[in-house]
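# Observations on chain architecture
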Amino acid sequence: MAPHFLPDAFVISISRRLTRLKVGDVVVANHPRYKRIIKRIAAIDPQGRVQLSGDNPASTSQEKLGWLLPSQIIGRVIYQIKPTQP
Amino acid sequence: MMHSLLTQMDKFLSFERADAHCDIPCKIYDPCTAQVAALSIIRLMDLIAELDQKDSLTLADQAQLARLVREKEIHAAKVKEEVRVIWGDYFKQPQFDQFPNANELVHSIMLAGSASKQHINREQGEKLLALVNEFAAMFWTTKGITTFTANCPYPPEMPVVYPQLAPVPA
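Residues numbered from 1 in each chain as written. Chains lettered and ligands numbered in written order. Predicted model: local features only at pLDDT ≥ 70, side-chain atom pairs only at ≥ 80, totals over all residues. Heavy atoms only, no water.

A few words on the confidence of the model for chain B. Detailed reading of the predicted coordinates is not advisable wherever pLDDT falls low. On average, residues of chain B score 93 in pLDDT, and 96% of them reach the 70 mark or higher. Across the interface, the model reports ipTM at 0.73; the global pTM reads 0.61. (pLDDT = per-residue confidence, 0-100.)

Next comes the structure, spelled out in structure tokens:
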């Protein structure tokens, strides 16, 4: 998710149950294969299923990530505390 | 300061971790994987040429040929992928300012990679290696690291650009 989200950054997220998700939101999700990941919402289908993508061109592809159920989205990221520059 | 505080808190609260899951950890870039793949292509072409010396190919030879061609295909794709990732992720404006011909070089690597897939003649493989070496030299120079060229100590024993790294004191 570089350069927007940096390695070792802390993020604060609000539970999915307490917020509406929309395209462009950064979310923390529980992926069946990749486990807990942070990605951006690329699309939401009429059933509320979510397609994720990484900001970085080297990210795992959308095809590999697939569509996630709403229940697999943990929360929407609302704040990032970036590491201090060395 | 906030980050330092959270880092300390993390040690005993163990905040949950989320992976952004890039293909490789950010900041690890090394053209050696592309160089080794290019060397492999030349080696595979040499092995194919050895089969070409035979009057006729047994079934076992044909099976071997199929494997050699397949591996050549895979390694040419690997050269293109490894170079693409460094060019796409590592190269930013400062690197393009330093090397205005970088895009042209990367494109020529893509073309040479395809040619190495389509053909079995060694010249295509040698051309690809030369371009990948030029890319490697460019990459290390952008990091302020000088390079030297040496023959790799294994077949096909071709010139390879290596970074001149400072040894760690024993």
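Back to the text.
All names here are of chain B. Residue Pro-155 is joined to Pro-156 through a cis peptide bond whose omega torsion reads 5°. Tracing the backbone through its elements, the reader meets Pro-156 in the loop between strand S1 (147-151) and strand S2 (159-163). Although it is not a glycine, Ser-14 adopts a positive phi angle of roughly 50°. Structurally, the position occupied by Ser-14 is in the loop between helix H1 (2-13) and helix H2 (32-52). (Helix = DSSP H or I, 4+ residues; strand = E, 2+ residues; numbered from the N terminus.)

What follows deals with the environment of B:Ala136. Residue and element names in this part refer to chain B. Here Ala-136 is to be found in helix H6 (residues 122-142). For Ala-136, a relative accessible area of 0% translates into the label buried. Considering only alpha carbons, one finds Ala-136 and Cys-32, 104 residues apart in sequence, at a separation of 7.8 Å. Contact partners of Ala-136, with chain neighbours within four places excluded, come to Pro-31, Gln-35 and Val-161. (Buried < 20%, exposed > 50% of the residue type's maximum accessible area, 1.4 Å probe, protein only. Contact = heavy atoms within 4.5 Å.)

In this section: the sheet that holds strand S5 (residues 67-68) of chain A. Strand order in the open sheet formed by 6 strands is S1-S6-S2-S3-S4-S5 (chain A), and the pairing between neighbours is antiparallel. At either margin of the open sheet sits one strand with a lone partner, and together these are strand S1 (10-15) and S5 of chain A. Sheet analysis places strand S2 (residues 26-31) of chain A next to strand S6 (residues 73-81) of chain A, joined by 3 bridges and oriented antiparallel. Within S6(A), the position partnered with A:Ala29 by the bridge is A:Ile73. Against the sheet, H1(B) touches S1 and S6 of chain A, its axis set at about 75° to S1(A). (Pairing = 2+ DSSP bridges. Axes fitted to C-alpha atoms, helices over the stretch in contact; angles between N-to-C directions.)

All right, on to the side chain of B:Gln95 then. All names here are of chain B. In this fold, Gln-95 is placed in helix H4 (residues 93-98). Among the polar contacts listed, one links the side chain of Gln-95 to the backbone nitrogen of Lys-92, at a separation of 2.9 Å. Apart from residues no more than four positions distant in its own chain, Gln-95 is found in contact with Tyr-90 and Thr-142. (Polar contact = N/O pair within 3.5 Å; in protein donor to acceptor, adjacent residues only side chain to side chain.)

What follows is about a nonpolar patch on the surface. Residues and elements named next belong to chain A. A grouping of Ile-12, Ile-78 and Tyr-79 is seen on the molecular surface, where their side chains present a nonpolar patch of about 310 Å² in accessible area. Position of Ile-12 among the secondary structure elements: in strand S1. In this structure Ile-12 comes out as partly exposed when scored by relative accessible area, which is 42%. (Patch = residues over 30% accessible without salt bridge, like charges linked within 9 Å, V, L, I, M, F, W, Y side chains within 5 Å. Areas by Shrake-Rupley, 256 points an atom, 1.4 Å probe, with all protein chains shown as cover. Salt bridge = Lys/Arg side-chain N within 4 Å of Asp/Glu carboxyl O.)

Turning to the nonpolar core, a few remarks are in order. Residue and element names in this part refer to chain B. Ranked by internal contacts, the top residues of the largest apolar core, which has 33 residues, are Val-79, Val-83, Ile-86, Phe-91, Ile-109, Leu-128 and Phe-135. Secondary structure elements with two or more residues in this core: H2, helix H3 (59-90), helix H5 (102-118) and H6. No other element matches the 8 residues that H6 contributes to this core. Setting aside residues no more than four positions away along its own chain, Phe-135 makes contact with Val-83, Ile-86, Trp-87, Phe-91, Leu-105, Val-106 and Ile-109. (Core = buried A, V, L, I, M, F, W, Y, C linked by side-chain atoms within 4.5 Å.)

Let us now look at the packing of H2(B) against H6(B). Residue and element names in this part refer to chain B. For the pair H2 and H6, the least separation of the axes is 9 Å and the interaxial angle reads 170°. The angle between the axes of H2 and H6 places the two elements in the roughly antiparallel class. As H2 runs across H6, the sense of the crossing is left-handed. Residue-level contacts link Ala-34, Gln-35, Ala-38, Leu-39, Ile-41, Ile-42, Met-45 and Asp-46 of H2 to Arg-122, Gln-124, Gly-125, Glu-126, Leu-128, Leu-129, Val-132, Asn-133 and Ala-136 of H6. Residue classes in the contact of H2 with H6 are distributed as 10 nonpolar, 4 polar and 3 charged. (Parallel < 35°, antiparallel > 145°, perpendicular 65-115°, else oblique. Left-handed = near helix turned anticlockwise from the far one by under 90°. Nonpolar A, V, L, I, M, F, W, Y, C, P; charged D, E, K, R; others polar.)

Looking now at H1(B). Residue and element names in this part refer to chain B. Here H1 is 12 residues long and its end C-alpha atoms lie 16 Å apart, about the 16 Å a rise of 1.5 Å per residue gives. Of the positions making up H1, those classed as buried are His-3, Leu-6 and Asp-10. Down the axis of H1, the buried side of the element spans an arc of 60°, and every buried residue falls inside it. In H1, the exposed positions angled more than 90 degrees off the buried face are occupied by Lys-11 and Phe-12. (Expected span 1.5 Å × (residues − 1). Arc of directions from axis to C-beta.)

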